[in-house]
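Survey of secondary and tertiary structure
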Amino acid sequence: MSVEKTLSIIKPDATKRNITGLINAKFENAGLKIIAQKRLQLTRSIAEKFYEIHKDRPFYNDLVNFMISGPVVVQVLEGNNAVKLNRNIMGATNPEDAEEGTIRKEFAESIEANSVHGSDSFENAKTEISFFFAKIELIV
């Protein structure tokens, strides 16, 4: 097993309901360590840049609008196989398809308002972490 870092974003639907602690408990109870964390209000330009990979997809504008609709919590999680473990803890993008006990099954309101974002690969994790955090902000 390799120790990895991955990005996690607790989305506006979850911050509005004040359930960030419940979500973070899921990460920590599964063995992930939160090594950096901050609460932000994304601007349209920041959200558009972060989700630029999806700009040609039909859901892009709705995604950007949703992500700027309220504060988010961006954080770096660290642990053995953190990318895969985080994706397992989050559950399927569509909460109806998510397994019992996952964040999205328990907390998501819809496929869009699904409470969390997580990096989908080790390579994307590095890119996404550096988008939001300077190295000095990562406590190891």
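Scroll up to find the structure this text is about.
The following paragraphs examine the structure supplied in this document. (Residues numbered from 1 in each chain as written. Predicted model: local features only at pLDDT ≥ 70, side-chain atom pairs only at ≥ 80, totals over all residues. Heavy atoms only, no water.)

Along the backbone of the protein chain there are seven helices and four strands. If you list the helices and strands of the protein chain from N to C, you get β-α-α-β-α-α-β-α-α-β-α. A compact globule built from 140 residues would reach a C-alpha radius of gyration of about 14 Å, and the protein chain, at 14 Å, matches this within 12%. Based on the C-alpha atoms only, the size of the protein chain along its principal axes is roughly 35 × 35 × 25 Å. A total of 140 residues make up the protein chain; the buried ones form 46% of that total. Partitioning the intrachain contacts of the protein chain with sequence separation of at least 6 by distance along the chain shows that 77% fall at a separation of at least 24. (Helix = DSSP H or I, 4+ residues; strand = E, 2+ residues; numbered from the N terminus. Rg over C-alpha atoms; globule rule 2.2 N^0.38 Å. Buried < 20%, exposed > 50% of the residue type's maximum accessible area, 1.4 Å probe, protein only. Contact = heavy atoms within 4.5 Å.)

So, on to helix H5 (residues 82–90). Buried within H5 we find Ala82, Val83, Asn86, Ile89 and Met90. In a view along the axis of H5, the buried residues occupy a sector of 130°, so they form one face of it. In this structure, the buried side of H5 is in contact with strand E1 (3–10), helix H2 (20–29), strand E3 (72–80), helix H6 (103–107), strand E4 (116–118) and helix H7 (122–132). Positioned one or two residues after H5, Gly91 has a phi angle of 90°, which is positive. (Arc of directions from axis to C-beta.)

Although it is not a glycine, Asn18 sits at a positive phi angle of roughly 60°. Summarising the element assignment, Asn18 is placed in the loop between helix H1 (12–16) and H2. Backbone geometry places Ser115, a non-glycine residue, at a positive phi of 75°. Among the structural elements, Ser115 can be located in the loop between H6 and E4.

On to the layout of surface pockets, then. It is the rolling of a water-molecule-sized probe over the atoms that shows where space remains empty. Empty space within the largest pocket amounts to approximately 700 Å³. For the lining of the largest pocket, the secondary-structure elements that each account for two or more residues are helix H3 (44–50), helix H4 (60–67), H5, E4 and H7. With four residues, H7 is the single largest residue contributor to the lining of the largest pocket. When its residues are assigned to classes, the lining of the largest pocket shows nine nonpolar, eight polar and nine charged. (1 Å grid on protein atoms, 1.4 Å probe; cavity = no way out; pocket = protein on both sides within 12 Å on 5 of 7 lines; lining within 4 Å. Points joined across faces, edges and corners; volume = space filled by probe spheres on them. Nonpolar A, V, L, I, M, F, W, Y, C, P; charged D, E, K, R; others polar.)

Another aspect to go through is the side chain of Asn114. With respect to the helices and strands, the residue Asn114 is situated in the loop between H6 and E4. Note on Asn114: relative accessible area 1%, which makes it buried. With sequence-adjacent residues up to four places away left out, Asn114 is seen in contact with Lys11, Asp13, Thr93, Arg104 and Ala108.

Another aspect to go through is the sheet that holds E1. Two strands in a sheet stick together by hydrogen bonds in their backbones, pointing the same way (parallel) or opposite ways (antiparallel). Read across the open sheet, the four strands follow the order E2-E3-E1-E4; overall the sheet is antiparallel. At either end of the open sheet lies a strand with only one pairing partner, and these are strand E2 (33–40) and E4. Shown here is a sheet whose adjacent strand axes are inclined to one another by a mean of 20°, direction ignored. Note that E1 and E3 share eight bridges and pair antiparallel. Residue pairing for E3: Leu7 is matched across the bridge by Val76. Here H5 sits on the sheet and contacts E1, E3 and E4; the angle it forms with E1, its principal contact strand, is near 35°. (Pairing = 2+ DSSP bridges. Axes fitted to C-alpha atoms, helices over the stretch in contact; angles between N-to-C directions.)

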